[in-house]
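# What the coordinates show
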Amino acid sequence: MFDKTYDVVVVGGGHAGTEAAAVAARCGARTLLLTHKLETLGEMSCNPAIGGVGKGHLVREIDALDGLMARAADAAGIHFKLLNRSKGPAVRGPRAQADRKLYRQAVQALLRAQPGLDLLAGSAEDIVLDATGRCTGVVTAAGERIGAGAVVITTGTFLRGVIHLGEERTPAGRVGEAPSIGLADTLRRLGLPMARLKTGTPPRLDGRTIDWAALEPQPGDDPPEPLSWLTERIANRQVACAITETNEATHAVIRANLHRSAVYGGRIEGVGPRYCPSIEDKVVRFADKGRHQIFLEPEGLDDDTIYPNGISTSLPAEVQAALIATMPGLAKAVILRPGYAIEYDHVDPRALRPTLELRACPGLFLAGQINGTTGYEEAGAQGLMAGLNAAALAGGGAADRVLTRAEAYTGVMLDDLVLQGVSEPYRMLTARSEHRLALRADNAGLRLTEKGIAWGCVGSARATAFRAFGQAVAEALAWARSEAATPAQFTAAGVAVNQDGRRRNVLEALALPTALPQALDAMFPRLRSLAPAVRTQLEAEALYAPYLERQAAEMRALAREERISIPSGLDFAGVAGLSTEMRQRLAAARPATLGGAGRVPGVTPAALAALAVHLRRQPEACST
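Presented here is an overview of the structure given in this document. (Residues numbered from 1 in each chain as written. Predicted model: local features only at pLDDT ≥ 70, side-chain atom pairs only at ≥ 80, totals over all residues. Heavy atoms only, no water.)

## Here we look at the packing of helix α9 (residues 376-394) against helix α10 (residues 409-420)
What counts, and what does not: In this analysis an axis means a line fitted to C-alpha atoms, helices contributing only their contacting stretch, and an angle means the value between N-to-C directions, from 0 to 180 degrees. Here a helix means four or more residues in a row that DSSP labels H or I, a strand means two or more in a row labelled E, and each is numbered from the N terminus. Put simply, angles under 35 degrees are roughly parallel, angles over 145 are roughly antiparallel, angles from 65 to 115 are roughly perpendicular, and the rest are oblique. Any two residues whose heavy atoms approach within 4.5 Å at even a single point are treated as in contact. Under this grouping Gly is polar, as are all residues other than the nonpolar Ala, Val, Leu, Ile, Met, Phe, Trp, Tyr, Cys and Pro and the charged Asp, Glu, Lys and Arg.
Running from N to C, α9 and α10 point in directions that differ by 85°, and their axes come no closer than 10 Å. One element, α9, and the other, α10, form an angle in the roughly perpendicular class. Contacts between α9 and α10 involve Glu378, Ala381, Gln382 and Met385 from the first element and Thr410, Met413, Leu414 and Leu417 from the second. Split into classes, the residues belonging to the contact of α9 with α10 amount to 5 nonpolar, 2 polar and 1 charged.

Laid out in structure tokens, this is it:
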């Protein structure tokens, strides 16, 4: 018996939860978002920025599937930067610093405007299982029983969260908010593999007490480049950041107080993020470096709070004040709130299906830091995919909503998580993708929006605009491949090419290092008439064309392997030719396809060959 029933219930209102709830409702599911405080929906609990290298790719993919993050960041953005602008398009990372208040307001406005979505303040303390072990709802702290066709848990750092500040320990999910104990106990009762991780945040500074004149300013791009494909222009006033740095005096303060750090004092068992280490970790692990850059980032247009990106710490408050005072421009800086480390429970993501549904508990999905990741963007992408699949399951959909490694960075992340698990908080990097030349931030819509339309998660406004854009790009590419000129014509236009008699098409011309845009515009007048976004796509395709052709062949081979499914109940002990070790590795990972089996750590080519032979003999193995 339930007090009320929904198609999908989402627990948690952070970046994963808001994306999960919004996409489930966009897909037509009656959805409830249950969170501790409605006023903190969409809170940026750590740094005031969205995007970056690798992370910006995820944001663009969320946007391509009509998610919230990019639109909210554009509405709140006060400093935009395209990172790696001097490098190739494949590794450029769009990033926006946001006004915290405006970002939270933007997310909440988007949620409240979403039909089919209810918001409720409260906490989930337990889940409801039917006689078969399927999740059918949640129980709140108030004792209310809420039924659901599917449940998505996105608790962030709240599962048995503990804040560490020097020798002090405070149970909390984040500052001022209670941890989730009941839900953590419930997940442990399910027998799920769980462990502890930790992350951290830096002290917040009073910008009025910083000597900005002594620092190197860091202006944003002018004009700012939006994160969302739907945003025409950025309306907010833009602000500059500044750079300071640590020095030997800073490091001496840290080394003298390492024993008082929660991490180095032995009070934390969880592992921290390798790619976003605390300042204590930097000083210890990189002892040969005499300085570390710190970016001073404003948190809002009408807020004097400054976020010093690069010095997250769990040292005592008085030590933090001492180390801050050693840095240029910060001699008189006042700390508004000390930094701290937070330790929390997470579930081993190898317990999940590629849809982010728990194998041991059908109908229950997990997304965000509960799966061992770190970062807003990683959480948002997981939330979107979990909410998408939860809505499909609740609606009786037969097909899983899954992105492959060849289609999206989101697919790379989920494949890494469910097959390899985590030993530290997972962060998206462009180096994780073997297809990064094709999976660029600039072409996320071309890769994913049509798929999102088919899945039912893309609204009509985006669908209409995208299809017009997609057609324009397709026509431009077709023209660029067919229109060509001789070496003599190139030479006459001032473009140096080999005099080999071979005609070169427009795509080849755009890739020539000797070709100036003005010369090509004169040779091929249609280039001048292309919309800027269409020309950007043309130039990126031209730059990578030879590599993309090779990569396309590799992707076709990978797709063939990915289509060979492995039955969910396959007994690997019955596969002839597998060693005991290989059987154990495959049984623990439970890959869904032969391609997935090849990415399980430690699985050998011989084991893959034996598995392929076995699957060909099984009637239940099929191409999906």
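## Topic: the packing of aromatic side chains
Our working rule: Whether two aromatic rings pair depends on their centres lying within 6.5 Å, for rings of Phe, Tyr and Trp, where Trp uses its six-membered ring; planes under 30 degrees apart make the pair stacked, over 60 edge-to-face, and the rest tilted. Per-residue accessibility, obtained with a 1.4 Å probe over protein chains only, is compared with the maximum for each type, and a residue is labelled buried under 20%, exposed over 50%, and partly exposed between these values. Here, over-ring charges are defined by two tests on the NZ atom of lysine or the CZ atom of arginine: distance to the ring centre within 6 Å, and angle to the ring normal within 35 degrees.
Under the criterion given, the structure shown has 3 aromatic pairs. Seen from their ring centres, Trp229 and Phe469 are 5.4 Å apart, and the 55° between their planes marks the pair as tilted. A residue pair is termed long-range when its members are at least 10 positions apart, and Trp229 in the loop between β14 (216-218) and β15 (241-245) and Phe469 in helix α12 (residues 460-482) qualify at 240 residues. Given the relative accessible area of 36%, Trp229 is considered partly exposed. Through successive ring pairs, a cluster of aromatic residues spans Trp229, Phe466 and Phe469. Here the guanidinium or amino end of Arg30 rests over the ring plane of Tyr6, the centre of that ring lying 4.9 Å away. Between Arg432 and the ring centre of Tyr426, over which it is positioned, the NZ or CZ distance is 4.2 Å.

## Points about the sheet that holds strand β4 (residues 77-83)
This is how the line gets drawn: By this definition, two strands are paired if DSSP reports at least two bridges between them.
Pairing is antiparallel across the open sheet formed by 3 strands, whose spatial order is β3-β5-β4. Strands at the two margins of the open sheet, each flanked by one partner only, are β3 (49-51) and β4. Between one strand and the next, the sheet's axes are offset by a mean angle of 20°, whatever the strand orientation. In this sheet, strand β5 (residues 93-98) lies alongside β4 in antiparallel orientation, the contact comprising 6 bridges. From the neighbouring strand, Lys81 faces β5, where its bridge partner is Arg95. Set on the sheet, helix α2 (residues 55-64) makes contact with β3 and β5; between it and β3 the angle comes to about 80°.

## Focus on the environment of Ser314
With respect to the element layout, Ser314 can be found in the loop between β17 (303-309) and α8 (317-324). Linking Ser314 and Pro203, residues 111 residues apart in sequence, is a C-alpha distance of 9.6 Å. Setting aside its immediate chain neighbours within four residues, Ser314 contacts His164, Leu165, Gly166, Arg260, Ser261, Ala262, Val263, Glu280, Tyr340 and Ala341.

Any functional reading would require information beyond the geometric quantities listed.
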